[in-house]
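Coordinate analysis (summary)
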Amino acid sequence: MTDQEIIALQRSGDYNQAFNAIVGSYSERLYWHVRRFLCSHDDTNDLLQDIFIKIWKALPSFKGDSRIYTWIYRIATNEALNALRRQRLISLVEFTSLTEKMAGKIDEDPYFNGDRLQRELHKAIQKLPEKQKLVFNMRYFDEMKYEDIAEITGTSVGALKASYHHAYNKIKAELEEKTLDD
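Residues numbered from 1 in each chain as written. Predicted model: local features only at pLDDT ≥ 70, side-chain atom pairs only at ≥ 80, totals over all residues. Heavy atoms only, no water.

1. Some details on the nonpolar core
Formed by 49 residues in total, the largest nonpolar core has its most connected members in I22, L30, I55 and I68. Taken together, the elements giving at least two residues each to this core come down to α1 (3-11), α2 (15-38), α3 (41-58), α4 (68-94), α6 (116-126), α7 (130-141), α8 (146-153) and α9 (157-181). Broken down by element, the residue count for this core peaks at 11 residues, all from α4. Sequence-distant contacts of L30, defined by excluding residues within four places in its chain, comprise L48, F52, I55, I72, Y73 and A76. (Core = buried A, V, L, I, M, F, W, Y, C linked by side-chain atoms within 4.5 Å. Buried < 20%, exposed > 50% of the residue type's maximum accessible area, 1.4 Å probe, protein only. Helix = DSSP H or I, 4+ residues; strand = E, 2+ residues; numbered from the N terminus. Contact = heavy atoms within 4.5 Å.)

2. Brief notes about α7
End to end, α7 covers 16 Å across 12 residues, agreeing with the expected 16 Å (1.5 Å per residue, within 8%). For α7, the full list of buried residues reads Q132, K133, L134, V135, F136, N137 and M138. In the stretch just after α7, E143 is the one whose phi turns positive, near 55°. (Expected span 1.5 Å × (residues − 1).)

3. Some words on the pattern of salt bridges
Scanning the entire structure with this criterion turns up seven salt bridges. The shortest N-O distance in the salt bridge between K123 and E120 comes to 3.9 Å. A residue pair is termed a helical-turn pair when its members lie 3 or 4 positions apart in one helix, as K123 and E120 do in helix α6 at three residues. On the basis of relative accessible area, K123 is assigned to the buried category, the value being 17%. Its relative accessible area of 13% is what places E120 among the buried residues. (Salt bridge = Lys/Arg side-chain N within 4 Å of Asp/Glu carboxyl O.)

Just geometry here; none of it tells us what the structure is for.
Structure follows, in structure tokens:
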């Protein structure tokens, strides 16, 4: 179902069908978007349920000022970042590094089916500052246009391009260092 059809259902007051269409259209994409932040299948599934509850509750108030696609991604992104902030606080209390904790989740996740290089890529991404991680994931994995990322994050296209460039260089350096070490 297209976003226009979903919006038409929402505007007609058929929230159940609009919501079901959103879940059907976006579940998989949102799963992978959130998973890149949380590095865990179970954590992602739990948060995805919360995201869809938030979308359900907010659906009647969606005004159509933005595209449904960017509206949904904004909700999912904000919830994923909030989950990371909660994990960061827990890590502080436990005196552990969030980066190390997330890297451990990548190594321990039985659902991760990538090779060694893919694991190292995901670990390198976890070392990035929050904004760079966000932009890199959305641009590299989700193949989003900078304009869409700008709408989701409320950041200028120029700033996003700079963030992506810095993220790319940091990841490249990290991966080159890993290959030299091996």
